[in-house]
Amino acid sequence: LPDLEPVLDGVSSTPDLPLPAQSWTVDTTTQPGRRLLRFSSVTANVGAGPLHAISNVAPGAVVPTAEVWQRVWYEGLGFSDRPLGTFLYDGGTGHRHIHVADFEEYRLLDGNGKVVATHQKVSFCLMDNLQLHDATPPDVGVYRPSGECGSVEQSINPGWTDYYGALLADQWIDVTDLPSGSYSVQIVVDPDDLILEQDETNNSVSFPVDI
């Protein structure tokens, strides 16, 4: 099984790919009149097997939605498929590819730990972007062309992370109506428990921000 865990460190980042706690900023230009707290997200697969999402979409087809399954691999390279949810086609400017729906949710917590703002569950393209420092070669992996966001299958292999930059679409929480102060951003992976994992208790991480 895979084991997804959002992380704040432990990967080989670069100035062009800052980690969440170093990437956050308040955006007042993308949506005039609104203040958007932007930040990056890094989701690691710390499990023994790949997160492998596979659909029945014809390669290159453009469809609004499609069913998607999680392919679970076993010793000896046997596998079974289980429902994972939906592939969504995002035709917006600069996007135009398939995402796995309901993959992450972003929450803003006040000093008492109360959720004061959220952003709708966002959809991601699952792929290997940054490698964990302590990664070892997995027994089973799903290998596709580097940087490809597949319309038929997507994956995060053990020892790798899926990175989403702060300036990309939907990578924010609207903080327009919140008072200045100290808060925490909570990144939650698989908020609806759609993915079968080794460990369901390590699916969130938080870091402080001052607005």
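The shown structure was predicted, so the numbers you read here are calculated from the model rather than taken from an experiment.

**Re the environment of Arg71**
At step 1: Relative to the helices and strands, Arg71 resides in strand E6 (residues 65-73).
At step 2: Spatially, the C-alpha atom of Arg71 lies 5.4 Å from that of His52, the residues being 19 residues apart in sequence.
At step 3: Setting aside residues no more than four positions away along its own chain, Arg71 makes contact with His52, Ile54, Phe79, Ser80 and Asp81.
At step 4: Among the polar contacts made by the side chain of Arg71, one reaches the side chain of Asp81 at a distance of 2.8 Å.

**Quick notes on the pattern of salt bridges**
At step 1: In total, this model carries 4 salt bridges according to the counting rule given.
At step 2: For Arg38, the salt bridge goes to Asp27, with nearest N and O atoms at 2.9 Å. Separated by 11 residues along the polypeptide, Arg38 in strand E3 (residues 36-38) and Asp27 in strand E2 (residues 25-27) bring together distant segments of the chain. Of the two residues, Arg38 and Asp27, both sit in the buried class.
At step 3: Note that Arg34 is salt-bridged to Asp174, the shortest N-O span being 3.2 Å. Of this pair, Arg34 sits in the loop between E2 and E3 while Asp174 sits in strand E13 (residues 172-174), and the two are 140 residues apart along the sequence.
At step 4: Its relative accessible area of 30% is what places Arg34 among the partly exposed residues.
At step 5: For Asp174, a relative accessible area of 23% puts it in the partly exposed group.

How each quantity is defined
- Residues numbered from 1 in each chain as written.
- Predicted model: local features only at pLDDT ≥ 70, side-chain atom pairs only at ≥ 80, totals over all residues.
- Heavy atoms only, no water.
- Helix = DSSP H or I, 4+ residues; strand = E, 2+ residues; numbered from the N terminus.
- Contact = heavy atoms within 4.5 Å.
- Polar contact = N/O pair within 3.5 Å; in protein donor to acceptor, adjacent residues only side chain to side chain.
- Salt bridge = Lys/Arg side-chain N within 4 Å of Asp/Glu carboxyl O.
- Buried < 20%, exposed > 50% of the residue type's maximum accessible area, 1.4 Å probe, protein only.

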